[in-house]
Amino acid sequence: MASNKGASRKTGKPGRKKNAKAALKVKAKKSSSPSKGAKDKSESAVKRKRQVSKKAEKAQPPGEGIKKEKSAKGNDPKDNSEQIKAIVEARDENVIAIAAYLEKIGRADNVALLEAMEELKLSTLEGLAAAGEAMELIRNRAKYDYLFSAAGGPELTEKNNDNENLDIMWSRLMVHRALAGDDSAGALALQKNMPGGIKGILSDILSKRDWIEEYPDRAKNTVSYLAARYSLPHWLAAEMLAQHGLMKAELIGKGSFSEHVQALAVNLARTNQQELRSLLSKENVEAEPGRYFEHTLVALPDVDLRSTTSYEQGLFEIVDPVEQLICQVSMARQPSDVILWKAVQNSALDASLACRLAGAGKLTVLVSDPGESLDVKKRARRLGSLMVRAIEVKTDTPLDKERIGRAGVVIVEVPSSNTGNIYNDPLAPWRLASDDLPAIEDRQARLLEEASKLVAPRGRLVYVTRSVLYAENQAVAASFMDSNPRFNRVPVRHLGRSLGEFETQEDFLQVLPGQSDMPGVFVAVLEQEW
């Protein structure tokens, strides 16, 4: 078999390959540094982020919740046969360009997809036609690369070279098509002028479905099995296996490919659960009471809730289901003064809390990003919540005399590996190396320590991560309690009905990805004695 480098030279049909590469290079420059939409904190980048965010919210899973828009030229939906034919012809190239762009910036949420469409100058229809399949290449990257090499193809490794990265994307697309039983996989190999052996590799993958179900050998090479099957970095698969055992590690892997229900946080200042359900039913939207949540309805992911009159009237907010779960355990006792320290971005936990407080309490949201501050204020205005204020903090020590020891509940939502939220953030595992974890854990401990100073006597401190790793969760909470004996844990079973199944041996709350149609989350509720 030819070397990887040799295969790269032969992979592309010059005309189309050059176009994809040029689009990626011209529209997504600076391969050695983060893109504007990823990490640039300049004022222009923040402004740009807000403009993109207006088009997409995080409530829908990536690649599946982007609304179709009318043409800027008028009401023409661009559906004539010539335009559709052009979109179909360019679809493969657009899939590759979008996937390569997302991997370059290290993000794959709805905002990133819209950014990619804008940077690559794709129309809405062109982007929508390619986005879903591009996300499949992102979610299954390790799986597709393993199958390609296991079936006899050259080993695919990431390079800091646009040309080679695009080759890898084309290979993933062909494996994706072969696994789906799509006859176009072979035609695509011919179109791309792949060596004759590549077509044979695709045929092998297509004909060995029984073998694929057991790649690599589950018993003999368990870590590699988890990494390939659930598309995880090898080090993360090893961590999950060591901490959770094979059965739970597989549940986490499967859950990372599972779509989640939408949660509707009922705005108790304007309606109640039963009334809202009735109003939505009149709009042909079926929403059921949440099994684990109070003051919550749940709906299927493909329901367009934002187009309803009830949403426009601010009767509910669309949130991640685990955000409503965090709200419930945090508000088990109705406090009058709540502080939410959002050390992470793209969370609507503030909306869940505002809906639950119903104007009967004050919510202070500490944020580090100006864009997050705008989001908090925008949600509060729509919900009619006058007692919500957002305060921008520049460091991990936002303490002053006004806030120290005053809040009945303090919730600190810390940055993490995000390994509990891989479905919505499929590049999260690939942004990290195992060597990065100690620094993350150190910051988590520091944030928890600082947040504890805001808690009033007899108040509660709530520690939240989107991780499934013990070192980020139980270990941080236990270490904090060892050095702060005035804080005691509050068992999950005391905080809400039907939550016992999520209780860990340490009395904390842990939802694994996919469990009860939710992403993963860890929550420790601690109460201060004095």
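This report concerns the structure included in the present document. (Residues numbered from 1 in each chain as written. Predicted model: local features only at pLDDT ≥ 70, side-chain atom pairs only at ≥ 80, totals over all residues. Heavy atoms only, no water.)

## Details of unusual backbone geometry
- Even without being a glycine, Asn284 presents a positive backbone phi close to 65°.
- Its place among the elements puts Asn284 in the loop between helix 14 (273-282) and strand 2 (288-289).
- According to the relative accessible area criterion, Asn284 is exposed, its value standing at 72%. (Helix = DSSP H or I, 4+ residues; strand = E, 2+ residues; numbered from the N terminus. Buried < 20%, exposed > 50% of the residue type's maximum accessible area, 1.4 Å probe, protein only.)

## Thoughts on the sheet that holds strand 4 (residues 316-319)
- With respect to topology, four strands assemble into an open sheet ordered 2-3-1-4, the strand pairing being antiparallel. Sheet topology places strand 2 and strand 4 at the edges, where each strand pairs with a single neighbour.
- Across four bridges, strand 1 (residues 262-266) lies against strand 4 in antiparallel orientation. What sits directly across from Leu264, in strand 4, is Ile318.
- Those strands touched by helix 14 are strand 1, strand 2, strand 3 (296-299) and strand 4, and its axis lies near 30° from that of strand 3.
- The strands touched by helix 16 (residues 321-330) are strand 1, strand 3 and strand 4; relative to strand 4, the strand with the most contacts, the crossing angle is about 115°. (Pairing = 2+ DSSP bridges. Contact = heavy atoms within 4.5 Å. Axes fitted to C-alpha atoms, helices over the stretch in contact; angles between N-to-C directions.)

## Focus: the pattern of salt bridges
- Overall, the coordinates contain 27 salt bridges when judged by the stated rule.
- Here Arg172 ties to Asp145 by a salt bridge, and the two come within 2.9 Å at their closest N and O atoms. Linking Arg172 in helix 8 (residues 162-179) with Asp145 in helix 7 (residues 141-150), this pair joins segments that are 27 residues apart in sequence. Note on accessibility: Arg172 and Asp145 belong to one class, buried.
- One salt bridge connects Lys362 with Asp337, and the closest N-O pair in it is separated by 3.9 Å. Placement of the pair is Lys362 in strand 6 (residues 362-367) and Asp337 in strand 5 (residues 337-342), with a sequence separation of 25 residues.
- Taking the relative accessible area as the measure of exposure, Asp337 reaches 17% and is therefore buried. (Salt bridge = Lys/Arg side-chain N within 4 Å of Asp/Glu carboxyl O.)

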